[in-house]
Each structure stands twice: as structure tokens, then as C-alpha cells.
Amino acid sequence: MSLFRSWTIGWITASLIYSAALQASAVELRIGAATADITPDGPIPLTGMQTVRISRSVHSRCQANVLALEARDGKKVVDQAILVSCDLCVIRAGIQDGFRRHVAERLPGFDINKLFLAATHTHAAPVLLQDRYDDYGDAMQPADYVPFLFERMAEAVVQAWDQRAAGAVAWGLGHAVVGNNRRAVYSGGSAVMYGDTNSPTFRQIEGYEDHAVDVLFFYDGAKQLQAAAITLACPAQSVTGSSLSADFWHDVRTLLKERHGARLCVLGFCAPAGDQAPNLLFRKASEARMDKLRGLTRTQELGRRIANAFDDVLRVVERDVRSDVRFVHHIERFDVPGRKVTDDEYARAKRLYEPLAAKEKRAGPDHWNMNFYKLTIDRYEAQQQADPSVGIEMHVLRLGDAVIATNPFELFVDYGVQIQARSVAEQTFLIQLASPLDATYYVPTPRAVAGGGYSAIVEQSLVGPEGGQVLVERTVQAIDQLWKE
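Residues numbered from 1 in each chain as written. Predicted model: local features only at pLDDT ≥ 70, side-chain atom pairs only at ≥ 80, totals over all residues. Heavy atoms only, no water.

Here we take up the nonpolar core. With 42 residues, the main nonpolar core has Ile82 and Met153 as its most contacted residues. Within the residue set of this core, elements represented by two or more residues are β1 (28-37), β2 (44-47), β4 (63-73), β5 (76-86), α2 (95-103), β6 (115-119) and α3 (142-162). The leading source of residues in this core is α3, at twelve residues. In this view, Ile82 contacts Val66, Leu67, Ala68, Leu107, Phe110, Lys114, Leu115, Phe116, Val157 and Trp161; residues no more than four positions away in its chain are not counted. Ranked by size, the runner-up nonpolar core spans 35 residues in total, among them Val390, Phe409, Ala448 and Leu462. (Core = buried A, V, L, I, M, F, W, Y, C linked by side-chain atoms within 4.5 Å. Buried < 20%, exposed > 50% of the residue type's maximum accessible area, 1.4 Å probe, protein only. Helix = DSSP H or I, 4+ residues; strand = E, 2+ residues; numbered from the N terminus. Contact = heavy atoms within 4.5 Å.)

Structure follows, in C-alpha cells:
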């Protein structure tokens, strides 16, 4: 027997043994998806602005889209997850825990801690807290809306979990201009969110913009597209009037269902984007002209860009659809340092709070501002006894060579860029406004704190740059750990 023939037979034998070993240890990925309509009938108070608005019309229906994942090795459960993308402004403190309790008994065999909620951050979503604003009039009260929300979401979660079946996954990276940095900087160094860029003292837009569109594609056993998770660094904030709205995510779903079938479940997630928005600070007239020439509203134009990026990625990655991938879901709970309130900030908050608290009836944004000033006063007094900290629940999921990592904040984009740059994963999906244990607020950068202005001042920031950096380090470490195991 020649040396070549001997080597060839040995190589074939080794390949067959390796292939058999792979088949013997293959992990089956099971996938389920469902959609809930979380739009109530009748008037509803809307959150996302300083003044409550009572919606008596619907711009676009709000949804909760659910993705259920389970990896099995034969009959053995390897890991699980249920992801819920909600057309809400934020997931208020207590909402996720309340929903977990609400749905737990309907999910036998599922670790309820591995379900998480995330908000698209639409500014035309129902209010979730009864005391968020002063008066809701004849509209559906938040105390009544939350049970309605829970039941609608529970039905979709149970449906997705019960219908999970063997499937496959692919992932890819596209780009679309959706988010813009919304902080204008002036000659004296001050910054203003949505500041006037037509001023002679305007000097620059404060920070970076991330136009990445990260997409996870999920297929059924027949390799038909069943669900998709799309992550981009922009909150859904184009619609700010008095109509209930899912904002541009409605237009994304409409286009993708037209192109890929009505059964497609689309989960929209917001990546770190505390200093980003879909609204423009300059080139407003030229953008408006292009929208008009296309015959599109602003949300439709943004939806078109995202849907086109989706299709561009899909054409490339559908040649790399995988049914046997490593799936690991870790949950980490830890504290990050809270932002300390200075003596001057305390004095200012107290000075502004007292006349608002003395009012018998608070109009406009008074009630909203009063709550922020009171929280700042309470924080200052509490930090005299102990250094402030904020509790975090972070979900980190490895899916093949891709990873998903969550945080509960409106995290400025620079922190997301740090995590992206240092992640060992082939592709990193970051989701903010997810799984809050406490209130959800901005985490500004040192540059933003120095500039001041809304989104960087202490009233809207429980966690400052120190805590933001701790969050970055813990996220990078958690991702690293999934690749070491």
C-alpha cells in the first residue's frame, strides 16, 4: 500500500469518526415566536415627555414580540431564554418581576429568571406608573393597563414557548442611518440636547454615531424564516404627538412582513443610544424634501432604511445558516457605583422642588419635574450614610459565534463602542433598556457631564461615568467567560 493511499484512508477514517462524534454530540436548537397586540381600546395616557398626553387615536399599534429559545442535547435541556421586545418607553422598576410572577405557572420546565423584557423606547407608549404624572383624567389608568399588558404578553410568551421546534439561526451585520447624536456643543463648552445648530455659537455635535444594524435570523425546520431580532443604536422617538405609536418599528415590521411573509416575528431592540435619536439637528430641509419626493413619512423612511439593511444582510448570510450552535445564557446581578449628588446640585434641586411641592395643582411638566428634584434630594441625603450604588441584572447569551448582552440604562453610545471593540465574539448584539431592577436613567460620558444639559445632569442620571465604566468592564468579562467555558 502506498504512503499516499495509507494517508488518504487514515484521513477518511478520522473524518468519519469526527463527523460521527459531531452528530452524537449535536445540540438541537428549538425556536418559537409569537406576537401580542398591547394596544388598549379607548383613551390611554402616554409617557415619554415631561407632560402627560391623553391619546384618543392610534398612529400605529404597539406590540410585544416574543422569541423563545431552547438548546437540547437529546432529552437534556442545555439552556433556555425568552426575549420580549416591547413597544414601551421603558420597562419601569417592578414590571419585569411582576410579569415573571404572572406567567411563571404557565411555563413548566422553564427557568423564569431567563425571561427578560426590553423596551424600544417609543415616546408615544402607555404610562406604566400610577404616580408618574399628576392626572390621567378619563383615560385608562396605569394601574389598569399593567394587568392588561401582562395578560396580552403572557399569551404570546406561552404560545412561543409551547410552539418551539427544531430550527436554525444565522447572523449578520448591516448599516442604516437612523440614529443621530442629539447633543449640540457651543463655543463656551456647554451642551444642549436638541440644541439650536443655527446659532453663531454652535461649534459641533458632541459625539459619535453608530449606524450598525445587527440582525439575528431564526428559521424553522424547513429553513423558512420564522423570526428576526434587529438591534440598532437609536430609540424609537420620531412620533411625539398625542397618538399611540410603535414609531418606526411599525414600519419596519410592515415592510418585512410584506417581503418575507405575514408569519415573520420581528423583535426590535435599542442598542446603547442614550445620546442618540432619529431626529435631526441639521440638514432638516434637505431630509424633509427627500421624504416628500419619496412620498414617505419620517417613520416610513426610517423603516425603509432598516428593512433594506435587513434584506442586504439576509442575502449574504442565508448561505451560512446553522442548526447546531453553542447556546449559553448567563445572568449576572451586581451593583455599579451610583452618581453622587454634589452640594450645589442638592441646593439647586431643593430650591426648585419646594415651590412645586407647595402647589395644590401642578400643571404641565411640574409634576414630572417635582419627582426628579425629590429623587435628587433623597439621593443626596441617602449618600450621607453610604456611597450610592445601583443594582444591575445583565443577561449575556452566546449563540454560536454571536453574543447578546443587555443593560437597563439609556447608555451613551461611547460605552457601547467600548464593549463592541473589546468583545471576543464574532458579532456582538447590545440591548439597552432591558431588565431594570431599579429606575432606568441615562449614563452619560465624562465629556457629556462636562457639557451639562438634559441627559447629562444629575437629575436624569443615577449612574455617572464611573458606574458606566464598571458596567463596560463587567460586560466584557461576562462575554469573555462564555468563550472560556
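We now examine empty space enclosed by the protein. Evaluation of the coordinates by the stated rule reveals three cavities of 30 Å³ or more. Its volume calculated, the largest cavity comes out at about 50 Å³. Lining the largest cavity, in full, are Pro272, Ala405, Thr406, Asn407, Leu411, Ile419, Leu430, Leu471 and Thr475. Only β20 (402-406) and α11 (465-484) provide two or more residues apiece to the lining of the largest cavity. Residues that form the lining of the largest cavity fall into these classes: six nonpolar, three polar and no charged. (1 Å grid on protein atoms, 1.4 Å probe; cavity = no way out; pocket = protein on both sides within 12 Å on 5 of 7 lines; lining within 4 Å. Points joined across faces, edges and corners; volume = space filled by probe spheres on them. Nonpolar A, V, L, I, M, F, W, Y, C, P; charged D, E, K, R; others polar.)

For the rest of this paragraph, the subject is the side chain of Arg183. Considering the arrangement of structural elements, one finds Arg183 in strand β11 (residues 183-186). Classification of Arg183 as buried rests on a relative accessible area of 0%. Side-chain polar atoms of Arg183 contact the backbone oxygen of Ala448, separated by 3.2 Å. Here the side chain of Arg183 touches Ser455 through a polar contact of 3.2 Å, side chain to side chain. (Polar contact = N/O pair within 3.5 Å; in protein donor to acceptor, adjacent residues only side chain to side chain.)

What follows covers the sheet that holds strand β13 (residues 202-205). Taken together, the three strands give an open sheet; going across it, the order is β12-β11-β13, and neighbouring strands pair in antiparallel fashion. Across the chains shown, the open sheet's two edge strands, defined by having one partner strand only, are β12 (191-193) and β13. Pairwise comparison of adjacent strand axes, ignoring direction, gives a mean angle of 30° for this sheet. Pairing analysis gives three bridges linking β11 to β12, with the strands arranged antiparallel. Each residue of the ladder has a partner; that of Val185, found in β12, is Ala191. (Pairing = 2+ DSSP bridges. Axes fitted to C-alpha atoms, helices over the stretch in contact; angles between N-to-C directions.)

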